[in-house]
Each structure stands twice: as structure tokens, then as C-alpha cells.
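# Observations on the three-dimensional arrangement
Residue-level listing of the chains:
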Amino acid sequence: MPELTCTVRRVGDFESRTEEYEMVLSVEGGDSAPQRTLGVKYQAARAYEINASLDAAVEAAREVIAEAGLDVRPPDGTLAKFAWRTLQSVKYEEGGSKTGRFEI
């Protein structure tokens, strides 16, 4: 079964109030392996910036799923939660990366 993978790495100034991440979304297990790289930047105190970042991640995930030729449409909330949990898993890693996997 194909999986949507999300690899996230924190970049930028780790002491800043603005959090910056590099997110790579891809589909593994299909005929091709399309991927999207997304720059995510927000201040934790600004919910609208977090929501805009999650919306961009959902859109990028939908694009790679479509490019992989898969006819599935996970709910937006599910994709946003997946992206958020992966982002939060590297919040204190200071440059380390982690990969989350979501079966689609």
C-alpha cells in the first residue's frame, strides 16, 4: 500500500520566535515517486500563520498524491494533523530531521 511521507527539518535561527522548517512530501510505493519541497515559516503566537502553513502542506500533499496517479482523497483535517505532528516532532531537534508516514 502506498505511503505519503513527510520529512521535516528545522532551519533558521533556533532561538528566534519565528519557527522555520523545510518539509519534503512524497509518495512511496507507487509507480513514480513525486515529491514537493515546502518552506514553512510561522510564529507560534500567530494562529493564522500556522493555519496558512498547514493549508500549504495539505495542498502540496494533494499534488504529490495526484502526481503519483492515486485516486484517493484523505480529508484535509487528517493531512493537516499529519503535517502538524511531523513539524512538532522536530521542533527542538535544531537541524535534525524526522520522517512521518501516512498510509493512503
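The structure we're discussing is the one just above.
Overview of the structure. (Residues numbered from 1 in each chain as written. Predicted model: local features only at pLDDT ≥ 70, side-chain atom pairs only at ≥ 80, totals over all residues. Heavy atoms only, no water.)

## Details of the pattern of salt bridges
Per the counting criterion, the structure on display carries 9 salt bridges. Note that Glu-49 is salt-bridged to Arg-46, the shortest N-O span being 3.2 Å. Given a relative accessible area of 18%, Glu-49 falls into the buried group. When its relative accessible area of 34% is taken as the criterion, Arg-46 is described as partly exposed. Each of Glu-3, Glu-28 and Arg-101 takes part in one network of salt bridges that share partners. (Salt bridge = Lys/Arg side-chain N within 4 Å of Asp/Glu carboxyl O. Buried < 20%, exposed > 50% of the residue type's maximum accessible area, 1.4 Å probe, protein only.)

## Thoughts on the side chain of Arg-10
When you line up the elements, Arg-10 lands in strand β1 (residues 3-11). We note that Arg-10 is buried and unpaired, the nearest opposite charge coming from Glu-19 at a distance of 4.9 Å. Among the polar contacts made by the side chain of Arg-10, one reaches the main-chain carbonyl oxygen of Lys-91 at a distance of 2.7 Å. The contacts of Arg-10, once residues within four sequence positions are left out, are Ser-16, Thr-18, Glu-19, Glu-20, Tyr-21, Val-90, Lys-91, Gly-95 and Gly-96. (Helix = DSSP H or I, 4+ residues; strand = E, 2+ residues; numbered from the N terminus. Lys, Arg positive; Asp, Glu negative; His and termini not counted. Polar contact = N/O pair within 3.5 Å; in protein donor to acceptor, adjacent residues only side chain to side chain. Contact = heavy atoms within 4.5 Å.)

## Quick look at unusual backbone geometry
Notably, Glu-94 is not glycine yet its phi reads approximately 50°, a positive angle. Along the chain, the position of Glu-94 falls in the loop between α2 (76-89) and β4 (97-103).

## Some details on the packing of aromatic side chains
Under the defined criterion, the tally for this structure stands at 3 aromatic pairs. A centroid spacing of 5.6 Å and a plane angle of 35° characterise the contact between Phe-82 and Phe-102, whose relative ring orientation is tilted. Here the residue Phe-82 occupies a position in helix α2, and Phe-102 occupies one in strand β4, the gap between them amounting to 20 residues. For the residue pair Phe-82 and Phe-102, the accessibility class agrees, reading buried in each case. Ring pairs connect the aromatic residues Tyr-21, Tyr-42 and Trp-84, which therefore count as one cluster. (Phe/Tyr/Trp six-rings, centres within 6.5 Å; stacked < 30°, edge-to-face > 60°.)

## Regarding α2
Its 14 residues place the ends of α2 20 Å apart at the C-alpha level, agreeing with the 20 Å of an ideal helix rising 1.5 Å per residue. Looking at α2, one finds that the buried residues are Leu-79, Ala-80, Phe-82, Ala-83, Thr-86 and Leu-87. Each buried residue of α2 lies within a common arc of 160° when the element is viewed along its axis, so the set occupies one face. In α2, the exposed positions that point more than 90 degrees away from the buried face belong to Gly-77 and Arg-85. Considering only its buried residues, α2 is in contact with β1, β2 (18-28), β3 (35-43), α1 (47-67) and β4. (Expected span 1.5 Å × (residues − 1). Arc of directions from axis to C-beta.)

Read these as layout, nothing more, since geometry by itself doesn't imply function.
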